[in-house]
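Residue strings, one per chain:
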Amino acid sequence: MTTIQRILTIAAVALGTMLTRFLPFLIFPEGKTPPRVITYLGKVLPYAVIGMLVIYCLKDSFSNGSYALPEAIAAAFIILLHKWKKNTLLSIGAGTALYMFLVQNYFR
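Residues numbered from 1 in each chain as written. Predicted model: local features only at pLDDT ≥ 70, side-chain atom pairs only at ≥ 80, totals over all residues. Heavy atoms only, no water.

*Asks:* Even after reading the chapter, I still don't get the overall build of the chain, so can you show me in this structure?
*Replies:* Of the regular secondary structure elements, the chain holds 4 helices and 0 strands. Seen in sequence order, the chain has helices and strands lined up from the N terminus as α-α-α-α. Its C-alpha atoms give the chain a radius of gyration of 21 Å, clearly above 13 Å, the size a compact globule of 108 residues would have. The dimensions of the chain, computed from C-alpha atoms along their principal axes, are 50 × 45 × 25 Å. The proportion of buried residues among the 108 residues of the chain is 8%. (Helix = DSSP H or I, 4+ residues; strand = E, 2+ residues; numbered from the N terminus. Rg over C-alpha atoms; globule rule 2.2 N^0.38 Å. Buried < 20%, exposed > 50% of the residue type's maximum accessible area, 1.4 Å probe, protein only.)

This is the structure:
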C-alpha cells in the first residue's frame, strides 16, 4: 500500500466515524422529538444485541469436551450477581474471572 493509499484509507475511516457520530445530532436536534420508531429501536436494540452476543459466544461451546459447563456456570454466576448487586461492570468482571479460573484449573 502506497503512502497516498494509506492517507486516503485513514481519511475515509475518519470521515465514516465522524459521520456516524455526528449525524444523529444533526438529524435529531435537542428540541426536536425523534420519530416513534427511533425511540422504539433505542429501547429494544440493546437487549437484542446482548442476546445476539451471548448466542454468538456460546455457539461452539457444546462441541468441546466440557459440554459448555464452565460457560453455563459463569453465565449463571453473572445473572445471579447482577440480580443481587445491580452492577454491570462487577457482574461482567467477576463472571469473566470465574470463567477463566474454571477453564484454567478444572476444565482443561
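That covers the picture; the talk isn't over yet.
*Asks:* Is there a simple way to explain the packing of helix 3 (residues 69-85) against helix 4 (residues 88-105) in this structure?
*Replies:* Relative placement of two packed helices is described by the angle separating their axes and the distance separating the axes. Two numbers describe how helix 3 lies on helix 4: the axes approach to 9 Å, and their chain directions differ by 155°. As far as their axial angle goes, helix 4 and helix 3 are roughly antiparallel. You can see that helix 3 and helix 4 cross each other, and the crossing is right-handed. Mapping the contact onto sequence places Pro70, Glu71, Ile73, Ala74, Phe77, Ile78, Leu81, His82 and Lys85 in helix 3 and Thr88, Leu90, Ser91, Ala94, Gly95, Leu98, Tyr99, Leu102 and Val103 in helix 4. (Axes fitted to C-alpha atoms, helices over the stretch in contact; angles between N-to-C directions. Parallel < 35°, antiparallel > 145°, perpendicular 65-115°, else oblique. Left-handed = near helix turned anticlockwise from the far one by under 90°. Contact = heavy atoms within 4.5 Å.)

*Asks:* What am I meant to see in the environment of lysine 59 here?
*Replies:* The residue lysine 59 is located in the loop between helix 2 (36-58) and helix 3 in this model. For lysine 59, the side chain forms a polar contact with the side chain of aspartate 60, separated by 2.9 Å. (Polar contact = N/O pair within 3.5 Å; in protein donor to acceptor, adjacent residues only side chain to side chain.)

*Asks:* How do you make sense of helix 3 when you look at a structure like this?
*Replies:* Every α-helical turn comprises 3.6 residues, leaving residues that sit three or four positions apart pointing alike. The terminal C-alpha atoms of helix 3 lie 24 Å apart, and with 17 residues this matches the ideal 24 Å at 1.5 Å per residue to within 8%. Restricting attention to buried positions, one finds in helix 3 the residues Pro70, Glu71, Ala74 and Leu81. Projected down its long axis, helix 3 carries its buried residues within an arc of 100°, all on one side. Facing away from the buried side of helix 3 by over 90 degrees, the exposed positions are Ile79, Leu80, Lys83 and Trp84. Contacts from the buried residues of helix 3 go to helix 2 and helix 4. Positive backbone phi, at 55°, marks lysine 86, one or two positions downstream of helix 3. (Expected span 1.5 Å × (residues − 1). Arc of directions from axis to C-beta.)

*Asks:* Sorry, what's going on with helix 1 (residues 3-27) here?
*Replies:* Across its 25 residues, helix 1 extends 35 Å between first and last C-alpha, which sits within 8% of the 36 Å expected from 1.5 Å per residue. Largest kink in helix 1: about 30°, centred on arginine 21, with the proline proline 24 one to four residues after it. With respect to burial, helix 1 is a largely exposed element, only 0 of its 25 residues being buried. (Bend = angle between axes of the 7 residues up to and from the residue.)

*Asks:* Sorry, what's going on with the pattern of salt bridges here?
*Replies:* Pairing between side chains of opposite charge can happen when the charged atoms of each approach one another. One pass over the structure, following the stated rule, counts 1 salt bridge. Among the ionic pairs, aspartate 60 bridges to lysine 59, the shortest N-O distance being 2.9 Å. Using a relative accessible area of 46% as the deciding quantity, one classes lysine 59 as partly exposed. (Salt bridge = Lys/Arg side-chain N within 4 Å of Asp/Glu carboxyl O.)

*Asks:* Explain the layout of surface pockets to me, please; I cannot follow it from the model alone.
*Replies:* Any space left empty among the atoms is revealed by the rolling of a water-sized probe across them. Within this model, the largest pocket holds a volume of roughly 770 Å³. Ile50, Val54, Ala75, Ile78 and Ile92 are the residues nearest the centre of the largest pocket, which is lined by 20 residues in total. (1 Å grid on protein atoms, 1.4 Å probe; cavity = no way out; pocket = protein on both sides within 12 Å on 5 of 7 lines; lining within 4 Å. Points joined across faces, edges and corners; volume = space filled by probe spheres on them.)

*Asks:* It is not clear to me how a nonpolar patch on the surface should be interpreted in this structure. Could you clarify?
*Replies:* The grouping of Met18, Leu19, Phe22, Leu23, Leu26 and Ile27 at the surface amounts to a nonpolar patch, some 610 Å² of accessible area in total. One can find leucine 23 in helix 1. (Patch = residues over 30% accessible without salt bridge, like charges linked within 9 Å, V, L, I, M, F, W, Y side chains within 5 Å. Areas by Shrake-Rupley, 256 points an atom, 1.4 Å probe, with all protein chains shown as cover.)

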